[in-house]
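Reading the structure
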Amino acid sequence: MPLPSVRVVEIGRFEFQEMPLQAPGEDEVLIRVDVTGLCRTDLKIVQVGHRDLVLPRVPGEEVVGTVEAVGSGVRQCKPGERVYVYPGMWCGQCPACRAGAENLCRQMQIMGFHRDGGFAPHVTVPAQSVIPVPEGLAADAAIFAEPLSCCLNALERASLKGGEQVGIWGAGPAGTLLARAAHARNARPLNIEPDQRRRELIGGVATAAGRLFDVAVVAVGDRDAYREALAHMAPRGRLVVFSGLAPQDDRPEVSFNQLHYMEQTLVGAYGCCHRHGQEALAMIADGRVPVADMVSHRLPLSQLDAALTLVAQRAGMKILLYPWQEETAG
Ligand SMILES: [Zn+2]
């Protein structure tokens, strides 16, 4: 019996559906999904929608899998190869693409948002998005390339330099990866996290009291965290707007006189570029960014409901889902 895919049919409701398997187009690759990662954005997609979401949709923007078939024009990979999928599909022509910021492409099509994603036994992706997984790197570790890529983009946007103090609001999977990526860049990260369980994994602190940061990254969708981060920026500090806010919280107060007199900067960071995926895989493969201890749950895709509850309750760290697994492995 074919295995079902997850399909969000309307905001707040998804179904398990068997989807027909299609042969890849000329420049496409058909991938058997070995593992797909769950993140807070998926909870957002199911419960409240997202700016870039087009329904109905198979979600899932974190995919590591095995190439099953390729279109006639594909040279990037061959059947049998293990690949990580950069979730974007970009035009390569617009000003953003030409500036090396394809995450801001005017025609960006994101897997799991505009195109069907990895909460399925198979996914079809453009060949341009496929990146080989380094030999010897387990799929369960390679899957962190997507969230880590977004962290690398954020640190790049912040123009982070070695030796700088980095305050990271949140110590969930994103906050933890941000700290480890900053550490790998020879900076000095500290996570601000009120939840003691999460704080323990990374050795953060409960509040930012008495501290000033060269770079502040807010990795929780919380207006109060933005308020606190703004108050703890050093002179010439950069605040990275990494997490989006709910529409009703979208206007935290900012003192422009503070930015003026302290020469501080606000920078946005959204998603990642293809090159960040390559860099992230290399950093995971050579151990610069350890990820194994961040997996809290491994569940069959059929238990998505339970997995989303864990995310909503912040009861886990990284949750990995397996479309080909029928029973819980623990
Ligand atoms: Zn473009």
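Remember, predicted model here, so these are calculated numbers, not experimental data.

Now for the overall build of the protein. Scanning the protein for helices and strands turns up ten helices and 16 strands. A compact globule built from 330 residues should have a C-alpha radius of gyration of about 20 Å, and the protein, at 20 Å, falls within 12% of that. Principal-axis analysis of the C-alpha atoms places the extent of the protein at approximately 60 × 40 × 40 Å. Relative to its full complement of 330 residues, the protein shows a buried share of 45%. Sequence separation of at least 24 residues holds for 69% of the intrachain contacts in the protein that already meet a minimum separation of 6.

Strand order across the open sheet formed by five strands is S11-S10-S12-S13-S14, with parallel pairing between neighbours. In the strand order of this sheet, the two ends are held by strand S11 (188-192) and strand S14 (265-268), each with one partner. The mean angle between the axes of side-by-side strands here comes to 20°, regardless of whether they run parallel or antiparallel. In the packing of helix H5 (residues 173-184) onto the sheet, the strands contacted are strand S10 (165-169), S11 and strand S12 (213-218), and the crossing angle to S11 comes to about 165°.

Our focus in this paragraph is the domain arrangement of the protein. Each assigned domain of the protein is listed here: domain 1 (5-143 + 291-322) and domain 2 (155-268). Taking only C-alpha atoms into account, the centre of domain 1 sits 27 Å from that of domain 2. With five residues of domain 1 at the interface, the matching set in domain 2 holds four residues. Taken together, the residues of the side of domain 1 that touches domain 2 sort by class into three nonpolar, no polar and two charged.

Within S10, four of the five residues are buried, which leaves it mostly tucked inside the rest of the structure. Across five bridges, the pairing between S10 and S11 is parallel. Bridging across to S11, Ile168 finds its partner in Asn191. Viewed along the sheet, the connection from S10 through H5 into S11 turns out right-handed.

Bringing H5 into the picture now. Under the 1.5 Å per step criterion, the end-to-end length of H5 is 16 Å for twelve residues, consistent within 8% with the ideal 16 Å. A large share of H5 lies buried, amounting to ten of its twelve residues. Within H5 the residues assigned to the buried category are Pro173, Ala174, Gly175, Thr176, Leu177, Leu178, Ala179, Arg180, Ala181 and Ala182. Those residues of H5 that are buried are in contact with helix H4 (145-157), S10, S11, helix H6 (196-202), S12 and strand S16 (318-322). Downstream of H5 by one or two residues, Asn186 has phi in the positive range, about 65°.

Running from amino to carboxyl end, helix H1 (residues 40-47) crosses helix H10 (residues 304-312) at an angle of 110°, the nearest separation of the two axes being 10 Å. Between H1 and H10, the angle falls in the class roughly perpendicular. Judged by the twist between their axes, the crossing of H1 over H10 is left-handed. Between H1 and H10, the residues in contact are Arg40, Leu43 and Val46 and Leu308, Val311 and Ala312, respectively. Looking at the contact of H1 with H10 residue by residue, the class counts come to five nonpolar, no polar and one charged.

Once that is clear, we can look at the nonpolar core. Residues Leu148, Leu178, Val217 and Ile284 are the most contacted members of the largest nonpolar core, which totals 93 residues. When residues of this core are sorted by domain, at least three fall in each of domain 1 (5-143 + 291-322) and domain 2 (155-268). Once you skip the residues sitting within four places of it in the chain, Ile284 turns out to touch Leu137, Ala141, Ala142, Phe144, Ala145, Leu148, Val289 and Val291.

Parameters and conventions
- Residues numbered from 1 in each chain as written.
- Predicted model: local features only at pLDDT ≥ 70, side-chain atom pairs only at ≥ 80, totals over all residues.
- Helix = DSSP H or I, 4+ residues; strand = E, 2+ residues; numbered from the N terminus.
- Rg over C-alpha atoms; globule rule 2.2 N^0.38 Å.
- Buried ≥ 20, exposed ≤ 12 C-beta atoms within 10 Å, placed from the backbone.
- Contact = placed C-beta atoms within 7 Å.
- Pairing = 2+ DSSP bridges.
- Axes fitted to C-alpha atoms, helices over the stretch in contact; angles between N-to-C directions.
- Domains from an automatic or database assignment.
- Nonpolar A, V, L, I, M, F, W, Y, C, P; charged D, E, K, R; others polar.
- Right-handed = clockwise from strand over helix to strand, strands pointing away.
- Expected span 1.5 Å × (residues − 1).
- Parallel < 35°, antiparallel > 145°, perpendicular 65-115°, else oblique.
- Left-handed = near helix turned anticlockwise from the far one by under 90°.
- Core = buried A, V, L, I, M, F, W, Y, C linked by C-beta atoms within 7 Å.

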